[in-house]
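Chain and residue survey
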Amino acid sequence: MIGAIVDGGALVEVVWVSLACGLGVTAAYAVAIVGGSRAVELRRDGRAAEATVFAVVGLLALLAVLAAIVVGIVVLSDK
Amino acid sequence: MEGDLLTVAIVVGVALIFDFTNGFHDTANVVATSVSTRAMAPRLAVGYAAILNFVGAFISLEVAATVAEDVVNPSSVGLLAVFGGLVAAIAWNLITWYFGLPSSSSHALIGGIVGAVFVAEGPDAIFFKNGVLGEVMIPALVAPTLAFVVAGLSIVVIYRIVGRLRPGSVTAGFRAGQVMSGGLLALAHGTNDAQKTMGVIALALVAHGNLPASDPTPPTWVVVSAATAIALGTYAGGWRIIKTMGSRIHKMDSAQGFAAQGAGAAVILVSSHAGFPLSTTHTISGAVIGSGAAKRLSAVRWGVAGNIVAAWVLTLPAAAGMGALTYAVTRVFGTGAAGPVIVSVLILAGGALLFAKRAQQARATATRAVEA
């Protein structure tokens, strides 16, 4: 009944893509904050190697966020 | 034909005024969370949102196509019906702005058009099942619910990930993140809302014979003028609604602001891609409430949230009634430009009266505060 009224495929796509993008981007950004903050703390404590690992993880997470945004806008403007 | 040209010019002008009031009315949805968490200064947030609203309007035309083709039959809609719908939407926006209610400009527009077309052309000119219900009302229910869930889950995930960090660095990090999430939300708003005006102008151009009913894609001048009008409206802002959205629903921390804006932007952008003419107001309100409820149910002021829901429920039927009434009043003056001219003057006078009254109340409040 509902399937005859609404484009079910498009609606399901809206639901899962919104969930994946919303949760994925916020989780990745939270990881970026953890990476950056822990890197600063560990460097202050003189633990350079661990600090570098956290900094790299934070940077990768931030790059993932930026990449997700760019890809999202490109997909949107392509249609 | 000259009369027709004047009428189409008035309809396009009124559509751009609606677009301006849409931006003005919806500024709160876009910037309230950034302002509330002090991620950005109010004026900066508003200027930033205005620029990204402008840019967003150029990203896609899917929503414009839905409004121009799928809600009402473009080949049987006249200029006066489009005019009636637009005036109803502007009047509803002004009334809800006056009372500080963040109702949906988008649903006011669609409700107004449906009401006016119903009276002008009859029920056969409206695509109730697949258009109004399938492309507007069902997505209107899904979007805020989805934004509520995404924001709620996001804030749970965020607190889980950053749980052991010092609050200072978390706050600073998410405030910086809100510059990005707030920008995305502004972009999403421009993408979805500016396109509704483009769709309505396309309907008017079909009625006037400038565009074919089979392919009413808005020309470039329509896209540019709609983008400019919504950006200017956004910059002009709406401070009463900012207050409601930013602090009266619940007090937010920067992580909640980020989660709410991220969830709202994701839902609106994906829906724009699918061509659903969503309400940014509904969506971001759902996200704001979701980010508060996931932290602590009692943190949400459910009374204020209830008032917002009541405004949502009222918007479509109220705007439809006003659209029908506006069309009937306009039609009293015939089918030419006289009706639109007279009704435009009346709505401008009504708007000016509401602005003057609001300014007077603001001055009185300021005077009382100084005396106290």
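Residues numbered from 1 in each chain as written. Chains lettered and ligands numbered in written order. Predicted model: local features only at pLDDT ≥ 70, side-chain atom pairs only at ≥ 80, totals over all residues.

1. A closer look at the overall build of chain B
- In terms of helices and strands, chain B carries 13 helices and zero strands.
- Its helices and strands in sequence order give chain B the pattern α-α-α-α-α-α-α-α-α-α-α-α-α, from N to C terminus.
- For a compact globule of 372 residues, the expected C-alpha radius of gyration is about 21 Å, and chain B comes in at 20 Å, within 12% of that figure.
- The dimensions of chain B, computed from C-alpha atoms along their principal axes, are 70 × 50 × 35 Å.
- Counting the 372 residues in chain B, one finds 62% classified as buried.
- Residue pairs in contact within chain B that sit at least 24 positions apart in sequence constitute 89% of those at least 6 positions apart. (Helix = DSSP H or I, 4+ residues; strand = E, 2+ residues; numbered from the N terminus. Rg over C-alpha atoms; globule rule 2.2 N^0.38 Å. Buried ≥ 20, exposed ≤ 12 C-beta atoms within 10 Å, placed from the backbone. Contact = placed C-beta atoms within 7 Å.)

2. Points about the interface of chain B and chain A
- Opposite the 35 residues of chain B that make contact, chain A presents 31 residues.
- Among the secondary structure elements, those contributing two or more residues to the side of chain B that touches chain A are helix H6 (128-162), helix H7 (167-208) and helix H10 (254-274) of chain B.
- At 14 residues, the largest contribution of residues to the side of chain B that touches chain A is made by H6(B).

3. A word on the confidence of the model for chain B
- Here chain B averages 86 in pLDDT, and 93% of its residues register 70 or above.
- The ipTM, which scores confidence in the relative placement of chains, is 0.91 for this predicted complex, and the corresponding pTM is 0.86. (pLDDT = per-residue confidence, 0-100.)

4. Some points on the packing of H6(B) against H10(B)
Residue and element names in this part refer to chain B.
- Interaxial distance between H6 and H10 falls to 8 Å at its minimum, and their mutual angle equals 145°. When the axes of H6 and H10 are compared, the crossing they make is right-handed. Within the contact between the two elements, H6 uses Pro 139, Ala 143, Leu 146, Ala 147, Val 150, Ala 151, Ser 154, Ile 155 and Ile 158 and H10 uses Ala 255, Gln 256, Ala 259, Ala 260, Gly 262, Ala 263, Gly 264, Ala 266, Val 267 and Ser 271.
- Of the residues belonging to the contact of H6 with H10, the class tally is 14 nonpolar, five polar and no charged. (Axes fitted to C-alpha atoms, helices over the stretch in contact; angles between N-to-C directions. Left-handed = near helix turned anticlockwise from the far one by under 90°. Nonpolar A, V, L, I, M, F, W, Y, C, P; charged D, E, K, R; others polar.)

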